Amino acid sequence: MTSLAAGSPGAKLAKLSARALCLGARLCDVSLELEAGQCIVLTGPNGSGKSSLLRVLLGLEKPDGGQLELDGRSYDGWSRIELASRLGWLPQRPGLAEPRTVEELVAAGRFRFRESEAVARAAAERALASLDATELVGRRTDRISGGELQRVLLATLVAQQAPLLLVDEPANHLDPEQQVAAYRALGRLWQQGHGLLVVTHELGLVRLLGDPTRVRVLGLAQGRVVLDERLDSPQLPAALARLSGVPFRSGGRPGDVSIDWEALE
Amino acid sequence: MKQSWAAFAFMGVLLVAVACSLVVGLEPAGDLRDFVFYELRVPRTVLGLLVGATLGLVGAAFQTLFQNSLATPDTVGTSAGAALGALAALVLGAQSSLFLPAATVFAFLGALLATALVSSVALSGRARLEEVLLAGVAITLAAGAISQALHAMADAPALFASAQWSLGQLPQVGYQRLLLAAGPCALGCAVLLYRARELETLALGEDWARSLGVETRRIRVEVLLASSLAVGSIVALCGPISFVGLLVPHLVRRWAEPSARSLLPLSCLAGAAYLVGCDVLARHLIGGRELPVGVLTAALGAPALFFLVLRPRPRADGQKPPVLR
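Below you will find a few notes about this structure.

What counts and what doesn't
- Residues numbered from 1 in each chain as written.
- Chains lettered and ligands numbered in written order.
- Predicted model: local features only at pLDDT ≥ 70, side-chain atom pairs only at ≥ 80, totals over all residues.
- Helix = DSSP H or I, 4+ residues; strand = E, 2+ residues; numbered from the N terminus.
- Rg over C-alpha atoms; globule rule 2.2 N^0.38 Å.
- Pairing = 2+ DSSP bridges.
- Axes fitted to C-alpha atoms, helices over the stretch in contact; angles between N-to-C directions.
- Contact = placed C-beta atoms within 7 Å.
- Buried ≥ 20, exposed ≤ 12 C-beta atoms within 10 Å, placed from the backbone.
- Nonpolar A, V, L, I, M, F, W, Y, C, P; charged D, E, K, R; others polar.
- Core = buried A, V, L, I, M, F, W, Y, C linked by C-beta atoms within 7 Å.
- Expected span 1.5 Å × (residues − 1).

1. Quick word on the overall build of chain B
(1) Moving on: Scanning chain B from terminus to terminus reveals 13 helices and zero strands.
(2) Moving on: Secondary structure elements of chain B, listed N to C terminal, follow the sequence α-α-α-α-α-α-α-α-α-α-α-α-α.
(3) Moving on: In terms of overall dimensions, chain B is globule-like: its C-alpha atoms have a radius of gyration of 20 Å, near the 20 Å expected for 325 residues.
(4) Moving on: By its C-alpha atoms, chain B is 60 × 45 × 40 Å across when sized along the principal axes.

Have a look at this one:
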């Protein structure tokens, strides 16, 4: 599956850069850069500003202060179609008020291409095939399971062919098998050259994305970045413990971080 | 392919309704027959098609735009604004210097004003969809109150004319007036159908649609303007014909299980079939006397909504749906 190859030639050069973002009391002096091929995991307690940051990065909300650029150009100069050609979003529990078939939903990811229905549908079926979800074609989105829906949403993201992917809690409400499948699918997208920003509480699953030495973990607390470590860093468990108030420990392998149940008891 | 069958079914009903509308009760032959057929039946049937298709389409577009099954031109204030405008023209005896009749111009302005007020709430960026609908209900009630005041001020002939008009019926129109209504209507409908892809994507929710590339604010403004134009020109001519915009998209969803993309065209088709069918019944149900079609669309629409749409439906997981106790 070459999801980037069919995109624009410069797609791999996509670069998002945020400097000193502020948004009311929700975000304060947040800076980060995300390029194609990079992977950032964003974590932090509920209400720490993760969702606000995601909304600002997607251009859905305007920051009060700071600079926000995509490919070196301020967001103000980008149309929605142009933004959609660079940034893809996997929303958490999206509203599906109007039931539709699986392939129609995935074809919605093709909106930016302004192509015919037949072309969009063919692309949607390729995206579904890349996630082993071909058997869902023809089903309705309100009549499939949560795990199947998550695969369909991932396929929608793949169909959009944006180089930078902003992913909100990809494993929420899924059974363990589907959690692993969701993270493995994201890992494949990363290997294909996409840039990933994954918002999650489930740090135990992050290792499934791929090489832990190339995964950067950012921690938000009260709207500020208070943690910035590589996933394989020996300091990460202690930093996570400070961030969350719960003890963490490293497992046997690099990038294997989990709650330290013994210390908790 | 349930929706293909439904499209054929709607088309079949539409053809039968059009045929009945044209020929039932027609004299066997003669000059009178030709006059009735070409000067009365044909324009009236075309007007019915136009009104039904527009109301069905605008209803479906509004339900998608507001992501709420209650949103129709009747509930977000568009119809009430148009009715108030047309009534004002009627009662105040306004004369239009424009090409269009005064009632059409006033109705369009009324629809536009009401829709603009609702849109200003919708576009403030802070309002939730329920609040937008609440604004629509408030505008509808206010427009109703002002209409009552206009009635109180009106003299007897104007009062009679407005009472006639407010029943909601397909008037006997000549080709010229038909064209005057058809122009703005067709323009409005064309914009809605042209934006079907955007509306379909917008149904995924404001934020997701924007992230996929939809300029949601511009689409909202376009759809509201186009709908005001179409609904305004209809209400000016026919008065308020209720229930079509509310019932038809629900019926289409229930029977056709349409793909998001075919909801708009199917609602257009079903709306036309429903209105022309109701008009045939309105003319022949009571011998020698014609009922206003707006009475029939509501009288048939309310039970249809109860028995066909609001019936509890089976769920995918085989459980019974939750009920209020």
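This is not the end of the story, as more comes after the structure.
2. What to know about the sheet that holds strand β8 (residues 195-199) of chain A
Residue and element names in this part refer to chain A.
(1) Moving on: Judged by pairing direction, the sheet is mixed, and its six strands sit side by side in the order β6-β7-β8-β3-β9-β10 without closing on themselves. Single-partner strands in this sheet number two, and they are β6 (87-90) and β10 (224-230). Neighbouring strand axes in the sheet, compared pairwise and without regard to direction, differ in orientation by 20° on average.
(2) Moving on: Judged from the five bridges that link them, strand β7 (residues 164-168) and β8 form a sheet pairing that is parallel. Bridge pairing in β8 places V167 opposite V198.
(3) Moving on: In the packing of helix α1 (residues 50-57) onto the sheet, the strands contacted are β3 (39-43), β7, β8 and β9 (215-221), and the crossing angle to β7 comes to about 150°.
(4) Moving on: Seen against the sheet, helix α5 (residues 146-160) touches β6 and β7 and runs at an angle of roughly 175° to β6.

3. Section: the sheet that holds strand β5 (residues 73-74) of chain A
Residues and elements named next belong to chain A.
(1) Moving on: Read across the sheet, four strands follow the order β2-β1-β4-β5 without closing on themselves; strand pairing throughout is antiparallel. Edge positions in the open sheet fall to β2 (27-35) and β5, since each of these has one partner strand only.
(2) Moving on: In terms of strand pairing, strand β1 (residues 15-23) meets β2 through six bridges, oriented antiparallel. Residue pairing across strands places L16 opposite L34, the latter belonging to β2.
(3) Moving on: Against the sheet, α1 contacts β1 and β2, and its axis sits at roughly 125° relative to β1.

4. A few points about the environment of L269 of chain B
Residues and elements named next belong to chain B.
(1) Moving on: Here L269 shows up in helix α12 (residues 263-284).
(2) Moving on: Residue class for L269 comes out buried when judged on the 25 C-beta atoms lying within 10 Å of it.
(3) Moving on: Through-space distance from the C-alpha of L269 to that of L57 is 8.5 Å; in sequence the pair is 212 residues apart.

5. Examining the interface of chain A and chain B
(1) Moving on: Taken residue by residue, the interface counts 21 residues in chain A and 17 residues in chain B.
(2) Moving on: Looking at the side of chain A that touches chain B, the elements that each hand over two or more residues are α2 (80-86) and α3 (102-108) of chain A.
(3) Moving on: Sort the elements by how many residues they give to the side of chain A that touches chain B and α2 of chain A lands first, with three residues.
(4) Moving on: Residue classes in the side of chain A that touches chain B are distributed as ten nonpolar, four polar and seven charged.

6. Quick look at the nonpolar core
(1) Moving on: If you look at the biggest cluster of nonpolar residues, it comprises 173 residues, and the most contacted ones within it are V106, A155, L166 and L186 of chain A together with A61 and A86 of chain B.
(2) Moving on: In terms of residue count, the dominant contributor to this core is α12 of chain B (14 residues).

7. Points about helix α5 (residues 129-153) of chain B
Residue and element names in this part refer to chain B.
(1) Moving on: End to end, α5 covers 36 Å across 25 residues, agreeing with the expected 36 Å (1.5 Å per residue, within 8%).
(2) Moving on: Among all positions in α5, only V132, L133, A135, G136, I139, T140 and A143 are buried.
(3) Moving on: Tucked into the core, α5 has its buried residues touching α2 (31-66), α3 (78-91) and α4 (102-122).

8. A short note on the pairing of β6 of chain A
Strand residues, when the strand is regular, have side chains that alternate between the two faces of the sheet.
All names here are of chain A.
(1) Moving on: Residues of β6 alternate between two faces, with L87 and W89 on one and G88 and L90 on the opposite face, all of them buried.
(2) Moving on: Examined bridge by bridge, β6 and β7 share four bridges and lie parallel to one another. Bridge pairing in β7 places W89 opposite L166.

9. Concerning helix α11 (residues 244-256) of chain B
Residues and elements named next belong to chain B.
(1) Moving on: An ideal rise of 1.5 Å per residue puts 18 Å on 13 residues; α11 measures up with 17 Å between its terminal C-alpha atoms.
(2) Moving on: With ten of its 13 residues buried, α11 lies for the most part within the structure.
(3) Moving on: For α11, the set of buried residues is V244, G245, L246, L247, V248, P249, H250, L251, V252 and A256.
(4) Moving on: Immediately beyond the C-terminal end of α11, within one or two residues, lies E257, with a positive phi of roughly 40°.

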